[in-house]
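Residues per chain are reported as follows:
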Amino acid sequence: MTKGIQRRIFRLAIETARLVAERISLDRLDSEPFLRKKHEADLLQLEADLDLWQEEYPTFQMDGRTQTGSLAYWNASNILVQRELRGVSDDRVDGSVTAILDLCVETGDKIEYMNWVSFVPAAWPDEQPLVIASVRLEDNALRDKSRAIMAMFAYQCCEEIKRIAEIVEELWRRIDEGREVDFCGWMLAMVEMGRPVLLG
């Protein structure tokens, strides 16, 4: 196990992060067709691996802390794969968002990596599932739930959570204004908010 996360799902989270970063590069560049073909093949494999992990999950022997962290990372990976890589926002995504928020409430401020606050997509396993679940919330009740969780996590890392809360609130404001906000919209928001140092 790795700090409250099963190694297998941790590796899948790393692969998810890699593919998100790779997609950003592919979309910005006039990429060779073979690169996109390789990206799609890797994405198909990741989807199969995530499905298999979910199927085999009931057979895993994990303590409660590792179980909760691993479930949070599976759901965060599912959100990124479906919403950011496949361009789909449906009941599967909504279910994973709700699951992460519920897991955060259930475990409070004790679960490792739920409240880790790096904002570098290429190193996403240092990213918190809570942020992935929260960045595109539109429902006010779910936003309030996210705010309450961030306030709970502030017990461990007050200044970092304060900065995350500011960025998430800014993204929600942009959504309410009808502006398009993808997962990486937080990078532009931070620059415009005068916080580029967080991009490091």
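Residues numbered from 1 in each chain as written. Predicted model: local features only at pLDDT ≥ 70, side-chain atom pairs only at ≥ 80, totals over all residues. Heavy atoms only, no water.

Before going further, it helps to spend a moment on the overall build of the protein chain. In terms of regular secondary structure, the protein chain is built from 8 helices and 0 strands. Helices (α) and strands (β) of the protein chain occur, in sequence order from the N terminus, as α-α-α-α-α-α-α-α. Looking at the protein chain residue by residue over its 200 residues, the buried ones come to 46%. Of all intrachain contacts in the protein chain linking residues separated by at least 6 positions in sequence, the fraction that spans at least 24 positions is 67%. When the accessible surface of the protein chain is totalled, it reaches about 10,000 Å², and 53% of it is carbon and sulfur. (Helix = DSSP H or I, 4+ residues; strand = E, 2+ residues; numbered from the N terminus. Buried < 20%, exposed > 50% of the residue type's maximum accessible area, 1.4 Å probe, protein only. Contact = heavy atoms within 4.5 Å. Areas by Shrake-Rupley, 256 points an atom, 1.4 Å probe, with all protein chains shown as cover.)

The subject of this paragraph is the pattern of salt bridges. Once the charged atoms of two side chains with opposite charge are near each other, the side chains can pair. Applying the stated rule across the entire model yields 19 salt bridges. Between Glu-56 and Arg-8 there is a salt bridge, with its nearest N and O atoms 2.8 Å apart. Of the two residues, Glu-56 is situated in helix α2 (residues 33-56) and Arg-8 in helix α1 (residues 7-28); the sequence distance between them amounts to 48 residues. A relative accessible area of 24% places Arg-8 in the partly exposed class. Between Arg-18 and Glu-22 there is a salt bridge; the shortest N-O distance is 3.1 Å. Here the residue Arg-18 and the residue Glu-22 both occupy positions in helix α1, the gap between them amounting to 4 residues, near one helical turn. With relative accessibility at 33%, the residue Arg-18 sits in the partly exposed group. (Salt bridge = Lys/Arg side-chain N within 4 Å of Asp/Glu carboxyl O.)

Turning to the packing of aromatic side chains, a few remarks are in order. All chains considered together, the criterion is met by 3 aromatic pairs. When the centroid spacing of 5.5 Å and the interplanar angle of 50° are considered together, the rings of Trp-53 and Phe-60 count as tilted. Residue classification places Trp-53 among the buried residues on the basis of a relative accessible area of 1%. Aromatic ring contacts, followed pair by pair, group Trp-53, Tyr-57 and Phe-60 into a single cluster. (Phe/Tyr/Trp six-rings, centres within 6.5 Å; stacked < 30°, edge-to-face > 60°.)

Within the largest apolar cluster, 44 residues are counted, with the highest numbers of intra-cluster contacts made by Ile-9, Leu-50, Trp-53, Ile-79, Val-97 and Leu-130. Among the secondary structure elements, those contributing two or more residues to this core are α1, α2, α3 (64-85), α4 (91-107), α5 (129-134), α6 (140-153), α7 (158-176) and α8 (185-192). Discounting residues that sit within four places of it in the chain, Leu-50 has contacts with Ile-9, Leu-12, Trp-74, Ser-77 and Val-81. (Core = buried A, V, L, I, M, F, W, Y, C linked by side-chain atoms within 4.5 Å.)

One way to put it is that α4 packs onto α6 with a least axis distance of 10 Å and a crossing angle of 35°. In this structure, the crossing between α4 and α6 has a hand that is left-handed. Contacts from Leu-101, Asp-102, Cys-104 and Val-105 in α4 reach Leu-142, Lys-145, Ser-146, Ile-149, Met-152 and Phe-153 in α6. Among the residues making up the contact of α4 with α6, the classes are represented as 7 nonpolar, 1 polar and 2 charged. (Axes fitted to C-alpha atoms, helices over the stretch in contact; angles between N-to-C directions. Left-handed = near helix turned anticlockwise from the far one by under 90°. Nonpolar A, V, L, I, M, F, W, Y, C, P; charged D, E, K, R; others polar.)

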